[in-house]
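Okay, here's what each chain looks like letter by letter:
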Amino acid sequence: MPAQPDSSFPNPQAPASVKSAGLIDLRYVRVEEFLRARSLTANSQKAYRRELRRFLVWTERPISQITPRQIVQYKEYLEKSLAPSSVNRALCALKSFFSWLVKAYPDTMNSNPTASVALLKLSSPPAFDLSDTEVDALWQGIKRLPLASQCREAALLAVLLHGLRAGEVAALSLGDYDGIRLTIRQGKDDSGGTVPLNRQARDCLNAYLKERRHAGERYAKHRPLFLSQSPVPGKGERLGYQGIYYTIKELGELAGIANLTPHRLRHTYATKLLLSGIDSLHARTLTRHKSEANFKRYAKRALAAAAERAFYEAIGEEPPTV
């Protein structure tokens, strides 16, 4: 559905980067300045750029002339075709952009037009973590893959079950693994850090790297931790973001889990940490969530289980087993 433009301007479908007079549209220049000023992963930068450009196609008003009224009108336009979560994502991009503009260009932007526009209220999201049975099914699914793929897929699954985002895994190099932990250098919103691996993950990763050494690969810190197994010319190159998503989706299908994504494995890790009784602050440090509220959103089942245990302890009964 094409964008319904702000009717204050007659030609909103003019080329994005050039106005009719042949001058550069400074609005898009400001967007690129904003993206360079933020510490964003490539995927986050792409999402911000998409949302901000969609808004600039909708209206040709100069940025300094955008008012709360236009933001409300844009919000109402989005609600006609997008899910509430998508509307909020678009509004958050605008809020972040205009907040930066007010600070970067106080002479021309003396107020933030998005400040008075509220996000939509969303229902609490369901828990997306996998059960122990489903995780076991993923491990069994690996055994059904071609023998040449099993070692890499086992290492990949083991790493993702430690809460790493797909983009973070794609960016890992051999130098980021010291035999005990992984160092995340390119995390979302500066959420880098170290992630200790359990014995199973270390064994799987070591076996995968040993297999590569036996195939003749020489160690170099800059080499990818995970290699693509695509036909030439992709063979031997870094396993990318899309490749990780495809691999996990395929593994989910083998395990009978529809539309499995790497992020569900991240949910599973967060939930398992809290179910094990680890302190919430320590768990959040391992998952590298900046917000406590955002972390808890990914671990609803763990919180419910902890509350149930507390209930039975309070009434002096043993928790029933199913």
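For the structure, see preceding data.
Report follows, based on the coordinates. Numbering of residues starts from 1 in each chain and follows the order in which that chain's sequence is written. Residue-level local features of this predicted model are given only where pLDDT is at least 70; pairs of side-chain atoms are given and counted only at 80 or more, and the full residue set underlies all totals for whole chains, interfaces and linings. Note that the side-chain values use all heavy atoms of the structure and ignore hydrogens as well as water.

So, the packing of helix H3 (residues 68–79) against helix H4 (residues 84–104)
As a reminder, the rule being used: Angles here are taken between N-to-C directions and fall from 0 to 180 degrees, while the axes themselves are lines fitted to C-alpha atoms, restricted in helices to the stretch in contact. Labels follow the DSSP assignment, with helices taken as runs of H or I lasting at least four residues and strands as runs of E lasting at least two, numbered in each case from the N terminus. Roughly parallel here means an angle under 35 degrees, roughly antiparallel means over 145, roughly perpendicular means 65 to 115, and every remaining angle is called oblique. The hand of a helix crossing depends on one turn: near helix anticlockwise from the far one by less than a right angle means left-handed, and clockwise means right-handed. Throughout, a residue-residue contact means that at least one pair of heavy atoms, one from each residue, lies within 4.5 Å.
The contact between H3 and H4 brings their axes to 9 Å, and the two run at 155°. In terms of axis orientation, H3 runs roughly antiparallel to H4. Two packed elements cross with a definite hand, and for H3 against H4 that hand is right-handed. Across the interface between the two elements, Ile-71, Tyr-74, Lys-75, Leu-78 and Glu-79 of H3 pack against Val-87, Ala-90, Leu-91, Leu-94 and Phe-98 of H4.

Remarks on the layout of surface pockets
Which entries qualify depends on this criterion: Two kinds of site are reported from a 1 Å grid over the protein atoms alone, namely cavities, where a 1.4 Å probe fits but cannot get out, and pockets, open sets with protein on both sides within 12 Å along at least five of seven lines, and residues are called lining when an atom falls within 4 Å of a point. Grid points are joined across faces, edges and corners, and a volume is the space filled by probe spheres set on the points. We call Asp, Glu, Lys and Arg charged. Ala, Val, Leu, Ile, Met, Phe, Trp, Tyr, Cys and Pro are nonpolar, and the rest, Gly among them, are polar.
Reported here for the second largest pocket is a volume of approximately 420 Å³. Around the second largest pocket sit 20 residues that line it, and Asp-132, Val-135, Leu-161, Thr-268 and Lys-272 are the ones nearest its centre. When contributions to the lining of the second largest pocket are tallied by element, the ones reaching two or more residues are helix H5 (132–142), helix H8 (199–214) and helix H10 (262–275). If one sorts the elements of the lining of the second largest pocket by residue count, H10 sits on top with 6 residues. Here the residues of the lining of the second largest pocket sort into 9 nonpolar, 6 polar and 5 charged.

Thoughts on the pairing of strand S1 (residues 181–184)
Successive residues of a regular strand alternate their side chains across the two faces of the sheet. The condition that has to hold: Note on exposure labels: buried denotes an accessible area under 20% of the residue type's maximum, exposed denotes more than 50%, and partly exposed covers the range between, all computed with a 1.4 Å probe on protein chains only. Two strands are counted as paired when DSSP detects at least two bridges linking them.
Residues of S1 alternate between two faces, with Leu-182 and Ile-184 buried on one and Arg-181 and Thr-183 left unburied on the opposite face. Here S1 pairs with strand S2 (residues 193–196) via 4 bridges, running antiparallel. Pairing of Ile-184 across the sheet is with Gly-193, part of S2.

Points about the nonpolar core
Short version of the rule: Each nonpolar core is a collection of buried residues, namely Ala, Val, Leu, Ile, Met, Phe, Trp, Tyr and Cys, held together in the definition by side-chain atoms within 4.5 Å.
Leu-138, Trp-139, Leu-182, Leu-205, Leu-225, Phe-226 and Ile-244 are the most contacted members of the largest nonpolar core, which has 50 residues in total. Of all the elements in the fold, those that place two or more residues in this core are H5, helix H6 (147–160), helix H7 (166–171), S1, H8, helix H9 (241–254), H10 and helix H11 (280–287). Tallying contributions element by element places H6 first for this core, with 8 residues. Each residue touching Ile-244, except ones within four places of it in the same chain, is listed here: Leu-156, Leu-160, Ala-166, Val-169, Ala-170, Leu-239 and Pro-262. Leu-56, Leu-78, Ala-93 and Val-117 belong to the second-largest nonpolar core, a separate cluster that totals 26 residues.

Some remarks on the environment of Gln-229
Put simply, the test is: Any pair of nitrogen or oxygen atoms within 3.5 Å is treated as a polar contact; in protein, a donor-acceptor pairing is required on top of that, and neighbouring residues in sequence qualify only through side-chain atoms on both sides.
Take Gln-229: it is sitting in the loop between H8 and H9. In this structure Gln-229 comes out as partly exposed when scored by relative accessible area, which is 35%. Taking the C-alpha atoms as reference, Gln-229 lies 9.3 Å from Gly-243; in sequence the two are 14 residues apart. A distance of 3.2 Å separates a polar atom in the side chain of Gln-229 from a polar atom in the side chain of Ser-149.

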